[in-house]
Amino acid sequence: RKPAFRVAWVTARGAPLVKEVAQAAETDTPLAERLERVMTVLFAASGNEAVYQLWIEGWGRARRNKGLRLELAWIREQLRLSVEDLLSAGKRDGTFRSDLDSGVMAAVILGAADGLLLQSANQGGPVPADRLADSLLRAVLRNPAERSAPSPFPLPLGGEEDSR
């Protein structure tokens, strides 16, 4: 049965993701761990059928429905702002690279989550989510050599195999 794509339906499915990402970004853990957790939440959403319907089907329908389009844009902007604020904080405290463009990298992280969502129809793609998250984290860290341990947050779609 197809869901009714009304603004209330979109809000009910998008708001929990926005809240979970914001909470992960605002914990008392080190900033690099927060970023890992945020990516885990975003990337795990790609395996969720409700999120799939929200993004893939919702954006298709939103092209013809201004209210739906505005609600989806608001949800995405809240997610982007949580990531950007976290990256900016890490840049200020020296955890992340001083030349990091927080807005661009936040868009890249959300784009990676979108890509995983598109790949979810095929049960994943050539680059597992855990490797993607690790590469993105290394790209923002001031000193990526300090990152030697794998993420403590399990990621879906990465499979247990590592094809590095």
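So, a few notes on the structure that sits alongside this text. Being a predicted model, the structure only gives us computed values, none of them experimental.

Moving on: the nonpolar core. Ranked by size, the top nonpolar core spans 43 residues in total, and within it Leu35, Leu42, Phe43, Leu79, Leu87, Phe96 and Ile109 carry the most contacts. Mapped onto this core, the elements with two or more residues apiece are helix H1 (7-25), helix H2 (31-44), helix H3 (49-62), helix H4 (66-93), helix H5 (102-119) and helix H6 (129-140). Look past the residues within four positions of leucine 79 in its chain and what remains in contact with it is Leu17, Val18, Val21, Leu42, Trp55 and Leu110.

Before going further, it helps to examine the packing of H2 against H5. Where H2 contacts H5, the axes come no closer than 9 Å and their chain directions differ by 30°. You can see that H2 and H5 cross each other, and the crossing is right-handed. Side by side, H2 and H5 meet where Leu35, Met39, Leu42 and Phe43 of the first sit next to Ile109, Leu110, Ala112, Ala113 and Leu116 of the second. Its residues assigned to classes, the contact of H2 with H5 shows nine nonpolar, no polar and no charged.

Rules used in this analysis
Residues numbered from 1 in each chain as written. Predicted model: local features only at pLDDT ≥ 70, side-chain atom pairs only at ≥ 80, totals over all residues. Heavy atoms only, no water. Core = buried A, V, L, I, M, F, W, Y, C linked by side-chain atoms within 4.5 Å. Buried < 20%, exposed > 50% of the residue type's maximum accessible area, 1.4 Å probe, protein only. Helix = DSSP H or I, 4+ residues; strand = E, 2+ residues; numbered from the N terminus. Contact = heavy atoms within 4.5 Å. Axes fitted to C-alpha atoms, helices over the stretch in contact; angles between N-to-C directions. Left-handed = near helix turned anticlockwise from the far one by under 90°. Nonpolar A, V, L, I, M, F, W, Y, C, P; charged D, E, K, R; others polar.

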